[in-house]
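Residue-level structure breakdown
Read off the chains here:
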Amino acid sequence: MAKRIDGKAISQMVKDELRDRVKKEKIEATLAVIQVGSDPASTVYVGNKKKACEYIGIRSLAFELPEETKEEELLDLVRELNDREDVDGILVQLPLPAHMDEDKVIQTISPKKDVDGFHPQSVGALSIGQPGFVSCTPAGVIQLLKRSGVEIEGKECVIVGRSNIVGKPMALLMLRENATVTVCHSRTKDLKEVTRRADILIVAIGKPRFITKEYVKEGAVVIDVGIHRGADNKLCGDVDFDEVEPVASAITPVPGGVGPMTIAMLMNNCVEAKGLQ
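Let me begin by describing the structure that accompanies this report. (Residues numbered from 1 in each chain as written. Predicted model: local features only at pLDDT ≥ 70, side-chain atom pairs only at ≥ 80, totals over all residues. Heavy atoms only, no water.)

Details of the environment of Gly 37
By secondary structure assignment, the location of Gly 37 is in the loop between β2 (30-36) and α2 (40-56). Residues Gly 37 and Pro 95, spaced 58 residues apart in sequence, show a C-alpha to C-alpha distance of 9.7 Å. Beyond its immediate sequence surroundings of up to four residues, Gly 37 is in contact with Leu 65, Pro 66 and Glu 67. (Helix = DSSP H or I, 4+ residues; strand = E, 2+ residues; numbered from the N terminus. Contact = heavy atoms within 4.5 Å.)

Side note on α2
If you check α2, its first and last C-alpha atoms are 25 Å apart, about what 17 residues at 1.5 Å a residue would give, namely 24 Å. By the burial criterion, the buried members of α2 are Ser 42, Val 46, Lys 49, Ala 52, Cys 53 and Ile 56. Projected down its long axis, α2 carries its buried residues within an arc of 120°, all on one side. Opposite the buried face of α2, by more than 90 degrees, sit the exposed residues Pro 40, Lys 51 and Glu 54. Against the buried residues of α2 lie α1 (7-24), β2, β3 (59-65), β4 (89-92) and α10 (259-274). Residue Gly 57 follows α2 closely and has a positive phi angle near 95°. (Expected span 1.5 Å × (residues − 1). Buried < 20%, exposed > 50% of the residue type's maximum accessible area, 1.4 Å probe, protein only. Arc of directions from axis to C-beta.)

As for a nonpolar patch on the surface
On the surface, Tyr 45, Ile 227 and Leu 235 cluster together to form a nonpolar patch covering roughly 260 Å² of accessible area. Tracing the backbone through its elements, the reader meets Tyr 45 in helix α2. Classification of Tyr 45 as partly exposed rests on a relative accessible area of 40%. (Patch = residues over 30% accessible without salt bridge, like charges linked within 9 Å, V, L, I, M, F, W, Y side chains within 5 Å. Areas by Shrake-Rupley, 256 points an atom, 1.4 Å probe, with all protein chains shown as cover. Salt bridge = Lys/Arg side-chain N within 4 Å of Asp/Glu carboxyl O.)

Structural notes on the packing of helix α6 (residues 136-147) against α10
One can describe the packing of α6 onto α10 by two numbers: an axis separation of 8 Å at closest approach and a directional angle of 105°. One way to sum up the angle between α6 and α10 is to call them roughly perpendicular. Within the contact between the two elements, α6 uses Cys 136, Thr 137, Ala 139, Gly 140, Gln 143 and Leu 144 and α10 uses Met 261, Thr 262, Met 265, Leu 266 and Asn 269. (Axes fitted to C-alpha atoms, helices over the stretch in contact; angles between N-to-C directions. Parallel < 35°, antiparallel > 145°, perpendicular 65-115°, else oblique.)

What about the side chain of Ser 135?
Turning to its location among the elements, Ser 135 is positioned in the loop between α5 (120-127) and α6. For Ser 135, the contacting residues outside a window of four places in its chain are Asp 116, Gly 117, Phe 118, Ile 165 and Pro 169.

Observations concerning the sheet that holds β3
Taken in spatial order, the three strands make up an open sheet running β3-β2-β4, and their pairing is parallel. With one partner strand each, in any of the chains shown, β3 and β4 form the two edges of the open sheet. Within the sheet, the average angular offset between the axes of one strand and its neighbour, ignoring direction, is 15°. On top of the sheet, helix α3 (residues 71-83) reaches β2, β3 and β4; it is set at about 180° to β2, its chief contact. (Pairing = 2+ DSSP bridges.)

A few points about the nonpolar core
Ranked by size, the top nonpolar core spans 52 residues in total, and within it Leu 31, Leu 145, Met 174, Ile 200, Ile 202, Ile 223 and Met 267 carry the most contacts. Broken down by element, the residue count for this core peaks at nine residues, all from α10. Setting aside chain neighbours within four positions, we find Met 174 in contact with Ile 142, Leu 145, Ile 152, Cys 157, Ala 179, Val 181, Ile 200 and Ile 202. (Core = buried A, V, L, I, M, F, W, Y, C linked by side-chain atoms within 4.5 Å.)

Comments concerning the pattern of salt bridges
The tally for this structure, following the rule as stated, stands at 14 salt bridges. For Glu 72, the salt bridge is made with Arg 79, and the minimal N-O distance between the two is 3.0 Å. For Asp 86, the salt bridge is made with Arg 84, and the minimal N-O distance between the two is 2.9 Å. Put simply, Arg 21, Glu 25 and Glu 272 are held in one network by salt bridges that share partners.

What about the pairing of strand β5 (residues 156-160)?
Burial analysis of β5 places four of its five residues in the buried class, which makes it a mostly covered element. Sheet analysis places β5 next to strand β6 (residues 180-184), joined by five bridges and oriented parallel. Residue pairing across strands places Glu 156 opposite Thr 180, the latter belonging to β6. Handedness of the β-α-β unit built from β5, helix α7 (residues 167-176) and β6 comes out right-handed. (Right-handed = clockwise from strand over helix to strand, strands pointing away.)

Brief notes about the layout of surface pockets
Empty space left among the atoms is revealed by rolling a probe the size of a water molecule over them. Of the pockets and cavities examined, the largest pocket occupies roughly 1400 Å³. Lining of the largest pocket is provided by 49 residues; of these, Tyr 45, Thr 137, Ile 227, Gly 259 and Thr 262 occupy positions nearest its centre. Broken down by secondary-structure element, the contributors of at least two residues to the lining of the largest pocket are α1, α2, β4, α6, β9 (228-229) and α10. It is α2 that provides the largest number of residues to the lining of the largest pocket, a total of nine residues. In the lining of the largest pocket, the residues fall into 25 nonpolar, 15 polar and nine charged. Within this model, the second largest pocket holds a volume of roughly 500 Å³. Forming the walls of the second largest pocket are 20 residues, and the residues nearest its centre are Pro 131, Gly 132, Phe 133, Val 134 and Asn 269. (1 Å grid on protein atoms, 1.4 Å probe; cavity = no way out; pocket = protein on both sides within 12 Å on 5 of 7 lines; lining within 4 Å. Points joined across faces, edges and corners; volume = space filled by probe spheres on them. Nonpolar A, V, L, I, M, F, W, Y, C, P; charged D, E, K, R; others polar.)

The following block contains the structure:
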């Protein structure tokens, strides 16, 4: 039976370390969170981020804008926060309403305050091995692997999904850890054949329970980045957990796997941002 990688416990460890560091080094960091509209999932995420800030001892500012806010008004707010010396990190909660250009908004955030790691400058720095903010979910996956004693160096890693938020930065981070990396996507031929090569299989495709045991090599480590609410109202991931668990050597559950790490790494980026101001 596979070892369950406990994202709740590991994220708590990360937050406790950050809380101790904030207290010891007397770090006074501030995260500004902007939410446009009242998407229920976004409201939950924003609430969790505020709680995490409070827990580790950093200040959070909330800007809740109505759905009908004009794009230029949002950009003006971002520019104002860029200029504020008392703000260290800026986070615009995605998705934004349809009338707003997400790329334009992300590119308006100062790279020094881009704690989500989505700015092109942050992504470019990661691709050439320069310092910069790393997208929180992929950074969280690296911590899950390392703190669970999973050896990455020299291992065959297959990533299913090539999004800018998870798949691509995940590939760059695994390369940085000296894994041999393959990225699969909707045009990949013989997907099962490719994923069955993986020592470490990371899945972020947005299809509930898509990965079954036929896709997984015996003894592989399986990281499930997906999260969905099924017809039974229960949460599940991109991996069919019940089928894959007996085959894998270690696996992340959904919920309680990758999800909690995203917020823990956001907090890490907020603390790191203080040193850039």
